[in-house]
Amino acid sequence: VLGSGTFIPGFETQLIGAVTGEEKEVQVSFPENYHATDLAGKPAVFKVKVHQIIGRKLRDLNDEFAQEVSEYDTMEELRAGIRKDLEESNERQNRQAIETALKDKLIDVCEMELSEKVIDEEAYEMAEQFDRRLQSQNFSLERYLTMVGSNPQKFMAEIRPQAEIQVKTQFILAKIAEEKGFEVAEDELQAELKKVADQYHKTVEETQAILGENLASLRYDMLNAKAMDYVVEHAVVKELEAKTPEEIAEILK
């Protein structure tokens, strides 16, 4: 798509004016920060043949369009649905920004000593989670590291600071949950299990069996979530004129 910026800078602009069946050479240079270090900053020539040219034509925004692209019957309902989704998304982003700023504050005011082993274990767990996400997309951590010019040792060193923050945050929230006497009722646990089950299109029983010993970890996460809700509810947050979650997070610091 011309103008999308998907390809190397200068690639798309050299195709402007080309016609179907035309063959031409596109001369560009790979960016200095290109993920494949062996190509970074080097010139390249791409031999291109234009097989087809397709243009985009915007549809009329009417009820027929709304019915084709959504579960709504009218354009008015579709607009209202989109607005609702955007508002909920904005609320989630604002909440996340506030939580991030409050977690930073909690770490600043709480003193604790962590063993290197605990941090290492969290870093390995984060790496495994990342690997599982890549595998779900038919990718691999090894291939990813090759593409970005990294290696396992460097990757672990990069995520270790985040692992330390993660562990500290978990310990603080767990302590708050303990001091406030928060508990996870059985019906709350079952409701959360149903959410997870629905997400992966499985039954609650299947999900519970898959989780196995990790069910305790789910309960632990739910307790920490209650502690985070408590912190957000009792935090003194000034009214801000900031428009983005990033601005809010920066001011809250």
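Residues numbered from 1 in each chain as written. Predicted model: local features only at pLDDT ≥ 70, side-chain atom pairs only at ≥ 80, totals over all residues. Heavy atoms only, no water.

### Comments concerning the nonpolar core
What counts here: Here, the term nonpolar core denotes a set of buried Ala, Val, Leu, Ile, Met, Phe, Trp, Tyr and Cys residues that are joined through side-chain atoms within 4.5 Å. Between buried and exposed lies partly exposed: a residue is buried under 20% and exposed over 50% of the maximum accessible area for its type, with that area taken using a 1.4 Å probe on protein chains only. Each helix is a run of H or I in the DSSP string that is no shorter than four residues. Each strand is a run of E no shorter than two, and both are numbered from the N terminus. Contact between two residues is taken to exist if any of their heavy atoms lie within 4.5 Å; hydrogens are not considered.
Counting residues in each nonpolar core, the largest one holds 12 residues, listed as Leu-114, Ile-119, Ala-123, Ala-127, Leu-134, Leu-141, Leu-145, Phe-155, Met-156, Ile-159, Ala-163 and Val-167. For this core, the element with the highest residue contribution is helix 5 (residues 152–179), accounting for five residues. Every residue in contact with Met-156, bar those within four places of it in the chain, is listed here: Ala-123, Tyr-124 and Ala-127. Ile-98, Leu-102, Ile-172 and Val-231 belong to the second-largest nonpolar core, a separate cluster that totals 11 residues.

### Some words on the confidence of the model for the protein chain
For the record, the criterion: For every residue, the pLDDT score states the predictor's confidence, bounded by 0 at the bottom and 100 at the top.
Averaged over all residues, the pLDDT of the protein chain equals 88, while 94% of them reach at least 70. Element-level mean pLDDT values for the protein chain span from 64 in helix 9 (residues 245–252) up to 94 in helix 1 (residues 63–69).

### Considering the packing of aromatic side chains
Applicable threshold: Aromatic rings from Phe, Tyr and Trp, taking only the six-membered ring of Trp, are treated as a pair when their centres fall within 6.5 Å; an angle between ring planes under 30 degrees marks them as stacked, one over 60 as edge-to-face, and anything in between as tilted.
This structure, assessed with the given rule, holds seven aromatic pairs. Between the aromatic rings of Phe-130 and Tyr-144, the centroid separation amounts to 5.1 Å while the plane-to-plane angle is 75°, which identifies the pairing as edge-to-face. With Phe-130 in helix 3 (residues 116–136) and Tyr-144 in helix 4 (residues 141–147), this residue pair connects regions lying 14 residues apart in the sequence. Given a relative accessible area of 27%, Tyr-144 falls into the partly exposed group. Taken together, the ring pairs in this structure connect Phe-7, Phe-11, Phe-30, Tyr-34 and Phe-46 into an aromatic cluster.

### Here's the deal with the side chain of Thr-169
Mapped onto the fold, Thr-169 is located in helix 5. Residues in contact with Thr-169, not counting those within four places in the same chain, are Lys-103 and Ile-107.

### Structural notes on a negative patch on the surface
Definition in use: Residues enter a patch when their relative accessible area is above 30% and they make no salt bridge; the linking distance is 9 Å between like charges and 5 Å between nonpolar side chains (Val, Leu, Ile, Met, Phe, Trp, Tyr). For the accessible areas, the method is Shrake-Rupley and the probe is 1.4 Å, while residue cover comes only from the protein chains on display. Salt bridge criterion: a side-chain nitrogen from Lys or Arg within 4 Å of a carboxyl oxygen from Asp or Glu. Residues counted as positive are Lys and Arg, residues counted as negative are Asp and Glu, and His and the chain ends are not counted. Think of each charge as sitting on NZ of Lys, CZ of Arg, CG of Asp or CD of Glu.
A contiguous patch of negative charge, built from Asp-63, Asp-73, Glu-76 and Glu-77, is present on the exposed surface. Here Glu-76 shows up in helix 2 (residues 75–109). Residue Glu-76 is classed as exposed on the basis of its relative accessible area, which comes to 66%.

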